[in-house]
Amino acid sequence: MLKKSLISSLKVLLVFTVTLGLIYPLVIYFIGQTFFYNKANGSLYVRNGEVKGSFLIAQNFTGEKYFWPRPSYINFNPMPSGASNLGPTSKDLVQQYLLRKKNFIHLNFVNEQNEIPSEMLFASASGVDPDISKTSAMLQIERVSKARNFDKLQKEKLYNLIDSLAEYPQFGIFGSEIVNVLKLNIKLDELSNKNE
Amino acid sequence: MSYITDLIQLIIFVGVLVAFSVPLGNFFAKVFQGERNFLSPVFSKIESAFYSLVRIDSGYQMDWKEYAVQLLIFNLLGFLVLFIIQIVQQSLPLNPQHLPNVNLLLALNTAVSFTTNTNWQSYAGETTLSYFVQMIGMTVQNFLSAATGIAVMITLIKGIATRNGKYLGNFWVDVTRAVLYVLLPLSFLLSIILISQGVVQTFNHSVTETTLEGISQTIPLGPAASQISIKQLGTNGGGFFNTNSAFPFENPTPLSNFLQVLSILLIPASLVFTYGKMLGSKKHAWTIFGVMLSVFLIGVVVSYLSETASNPIFHTNQLMEGKETRFGIFNSVLWSVATTVASNGSVNSMISSMSPVSGLVAMLNIQLGEIIFGGVGSGLYGMFLFIVITVFISGLMVGRTPEYFGKKIEAYEIKFSILAVLLPSIIILVFTAVAVVSNAGLSSLSNKGPHGLSEILYAFTSAGGNNGSAFAGLNTNTNFYNVLMSIAMIIGRYGVIVPILAIAGSLVKKNIAPATTGTLATDNFLFAFLLFGVIIIVGALTFFPVLSIGPLLEHLLMNLKITF
């Protein structure tokens, strides 16, 4: 009986391996490549024939002239992705939090009374969270405008830009209002170029 | 705070879950009873073609021992294949990153993990496994370990429903139907929707690009969508990427998130109605479902309240460490509860960074035995153990031989039920104890204080309960953890499956006694209440002491603003 079982097991495993491990992913692959080419390949942002990033993967923006994404435990290098996994009673987390808060207030000329959205003070789960809340984007306008020597009108345009880029909630229910930082920075560059 | 929209999301979630699981459950019942269903015209031909291809007589019937042996051999073989392809992946195709062979103990842990439906990951997918191993190894075992769980469940139902019989069905037929009619069609649909949201499905090499600011960044890619859908649906949980469904390529939008968290519970919830349908008592199914839903909702509410309570150390009620902006607090909490009541183990936020009480809820969910919806198949057969114990205790109280669907529950069934309930619990507690008194166990910690104990306890809870989620501060890619956790996963899986099959083998032989006025009804509120009580008492009493010096203590210290 054991020998027969073993042979049956081998045959079943072989057929399942071919169908589930090869044919099934390939069929999904072809459907994906046919109907959702860009998304299936990583939602890449290509400028002048050159890949400049993915809309789903946050980039490390540190300069004054760009909107900043959330803090990243892996410094935006997703090979592999990772989070701090620090617990709520971790001294390290408290120190990181205080430092981020100080920097954000200081560098963005934020009034100390303002409440800074929590996502800018805590590292994301993936390390490459592409989004920030609309409020967090608005709080960075002052700094970005100053760094780019924007006049009042351009600054006004920046407000509208963030408004127009805000995505979600999906179907009005799922998720909260957020802005994709890469999309925002691309539009920001365009806005600057137009005015030059 | 948007309590109202969060509440609406919860209501929609539960509503959709119920709306889909009732018809799906009835459909599954038809499938496993071999009745015609809407997929039959095409799929029954594929099914017969498959049987003739592998030369299996689908009419052949097995008793419980043969069924168990067949299952174990099949799982062992799956394990071996998965183990071998990892340690030689360098020589295999579809490895565009030229990743090296996986080291032996890590490969052992991973192979055990995926064949036991645990999907604990001591490795990071994007930098450890080739596309070949992800597809041929991981994806295949995601299907087959889930199908194994469903097959055991179906066998148990047959054991309960058959009068004076001997045979429980055919393992190959049950597995094949589980894959063909249940797992594959749903995975197919979900994969395509996920790609439409931005989940990748490509064989391209990872992309190295220069960002707007001129920094070089490498982005991992891969055939992820086809694996992620079955990972969610089969309560597997092993991510394609390291941060699982928190990674944007694995879970890009709130909609993909909703569908993925729904997929965790969809099949387990449906199987409750399959159970009721095949046993001929819809009311019993609703009774079980009601108990499951109550415990689930209590978990969600407690976890949510804890997560949105003002944190005394950070003075915020939005602790976003280890969470993604597009999901926010509520969807992170919902996922953490769903993934632990079911034996899924995927995450969309880092449970280690949640509030202590949320961590406790997640841990306790697994420790209860993942019977609240639970793993595909395994959740319901785990719940069956508690039903047996409840029936037995109630029988003792009124002084009658306990019966379940007319079958006498006797010493044999009780012994095996207790064994199956205790084995995973003992493993969790003993292994945790071993780890906290050994250097090898403690040197992997990244958090200090009670949170450190929680990390270790969670790891063994996750392994013993075949969950696979993690308090991921713990580095488990060490020889100590790789080996100990492999043992925990094997005992946690087969230490339950074999007793369940033994019980099915015993029940199938029994006569069905007609219900009398003295029979304890198992389809009313009283029984639901008793069942609820037994689950809480058994689960909580086993684990309360250790939970009190882990997450509970951390909660108290946090409120005193003590950090480590």
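In what follows, the structure referred to is the one given above.
The rules behind the values
By convention here, each chain's residues receive numbers from 1 onward along its written sequence. Each chain gets a letter, beginning with A, and each ligand a number, beginning with 1, in the order they are written. Reporting in this predicted model follows two pLDDT cut-offs: at least 70 for local features of residues, and 80 or more for side-chain atom pairs to be given and counted; totals over whole chains, interfaces and linings ignore these cut-offs and use all residues. For side-chain calculations, the full set of non-hydrogen atoms in the structure is used, while hydrogens and water are omitted. Grid points spaced at 1 Å and placed over the protein atoms alone form the basis of the search, with a cavity being a set where a 1.4 Å probe fits but cannot get out and a pocket an open set showing protein on both sides within 12 Å along at least five of seven lines. Lining residues have an atom within 4 Å of a point. Grid points are joined across faces, edges and corners, and a volume is the space filled by probe spheres set on the points. Gly falls in the polar group here, along with every residue not listed as nonpolar (Ala, Val, Leu, Ile, Met, Phe, Trp, Tyr, Cys, Pro) or charged (Asp, Glu, Lys, Arg). Stacked, edge-to-face and tilted labels apply to pairs of Phe, Tyr and Trp rings (six-membered ring for Trp) whose centres lie within 6.5 Å, assigned for plane angles under 30 degrees, over 60, and everything in between, in that order. To qualify as a helix, a DSSP run of H or I must reach at least 4 residues; to qualify as a strand, a run of E must reach at least 2; elements of each kind are numbered from the N terminus. Burial classification: accessible surface area is computed with a 1.4 Å probe over protein chains only, and a residue below 20% of its type maximum counts as buried, one above 50% as exposed, and the rest as partly exposed. Geometrically, a charge over a ring is one whose NZ (Lys) or CZ (Arg) sits within 6 Å of the ring centre while staying within 35 degrees of the ring normal. Strand pairing is assigned whenever DSSP identifies at least 2 bridges connecting the two strands. In what follows, a contact means two residues having at least one pair of non-hydrogen atoms within 4.5 Å. The buried area of a pairing is the accessible area, by a 1.4 Å probe, that goes missing from both parts when the two are put together, added over both. Here a salt bridge means any side-chain nitrogen of Lys or Arg lying within 4 Å of a carboxyl oxygen belonging to Asp or Glu. Definition of a polar contact: a pair of N or O atoms within 3.5 Å, with one able to donate and the other able to accept a hydrogen when the atoms are protein atoms, and with sequence-neighbouring residues admitted only if both atoms are side-chain atoms.

### Let's talk about the layout of surface pockets
Taken as a whole, the second largest pocket encloses approximately 670 Å³ of empty space. As for the second largest pocket, its lining consists of 34 residues, and the residues nearest its centre are N85 of chain A together with Q121, N242, A472 and L474 of chain B. Class assignment for the residues of the lining of the second largest pocket results in 14 nonpolar, 20 polar and no charged.

### What about the packing of aromatic side chains?
This model, assessed by the stated rule, comprises 38 aromatic pairs over all chains. Consider the rings of F43 of chain B and Y181 of chain B, whose centres lie 5.7 Å apart with planes at 45 degrees: the pair is tilted. Of the two residues, F43 of chain B is situated in helix α2 (residues 40-53) and Y181 of chain B in helix α7 (residues 171-197); the sequence distance between them amounts to 138 residues. Classification of F43 of chain B by relative accessible area gives buried; the value is 19%. Since its relative accessible area comes to 5%, Y181 of chain B is described here as buried. Taken together, the ring pairs connect F13, F258, F273, W286, F289, F296 and F373 of chain B into an aromatic cluster. Its guanidinium or amino end placed over the ring of W68 of chain A, R143 of chain A lies 3.4 Å from that ring's centre, counting from NZ or CZ. Here the guanidinium or amino end of K146 of chain A rests over the ring plane of F109 of chain A, the centre of that ring lying 4.2 Å away.

### Overview of the pairing of strand β2 (residues 50-54) of chain A
Residues and elements named next belong to chain A. As defined by bridge partners, strand β1 (residues 44-47) adjoins β2 across four bridges and the pair is classed as antiparallel. Along β2, the bridge assignment pairs L44 with S54. Counted along the chain from β1 to the antiparallel partner β2, the turn is two residues long, and its residue N48 has a positive phi close to 50 degrees.

### Here's the deal with the interface of chain B and chain A
Tallying the contact residues gives 104 residues for chain B and 94 residues for chain A. At the boundary of chain B with chain A, total buried surface from both sides reaches about 8100 Å², with 68% on carbon and sulfur atoms. Taken as a group, L212, F314 and E321 of chain B account for 10% of the area that chain B buries against chain A, more than any other trio of residues on that side. Our count for the contact surface shared by chain B and chain A stands at two salt bridges. The shortest N-O distance in the salt bridge between R326 of chain B and D129 of chain A comes to 3.9 Å. Here chain B and chain A share 40 residue pairs in polar contact (both at pLDDT 80 or more) between them. With twelve residues, α7 of chain B is the largest single contributor of residues to the side of chain B that touches chain A.

### Some words on empty space enclosed by the protein
Residue and element names in this part refer to chain B. Evaluated as defined, the whole model comprises seven cavities of 30 Å³ or more. Size it by volume and the largest cavity reaches roughly 380 Å³. Counted as a void, the second largest cavity has a volume near 90 Å³. V391, S394, G395, V398, R400, T401, P402, E403, G518, T519 and L520 together form the lining of the second largest cavity. Per-element tally for the lining of the second largest cavity: the top contributor is helix α13 (residues 378-398), with four residues. Residues of the lining of the second largest cavity, tallied by class, amount to four nonpolar, five polar and two charged.

Remember, this is a structural readout, not a statement about activity or role.
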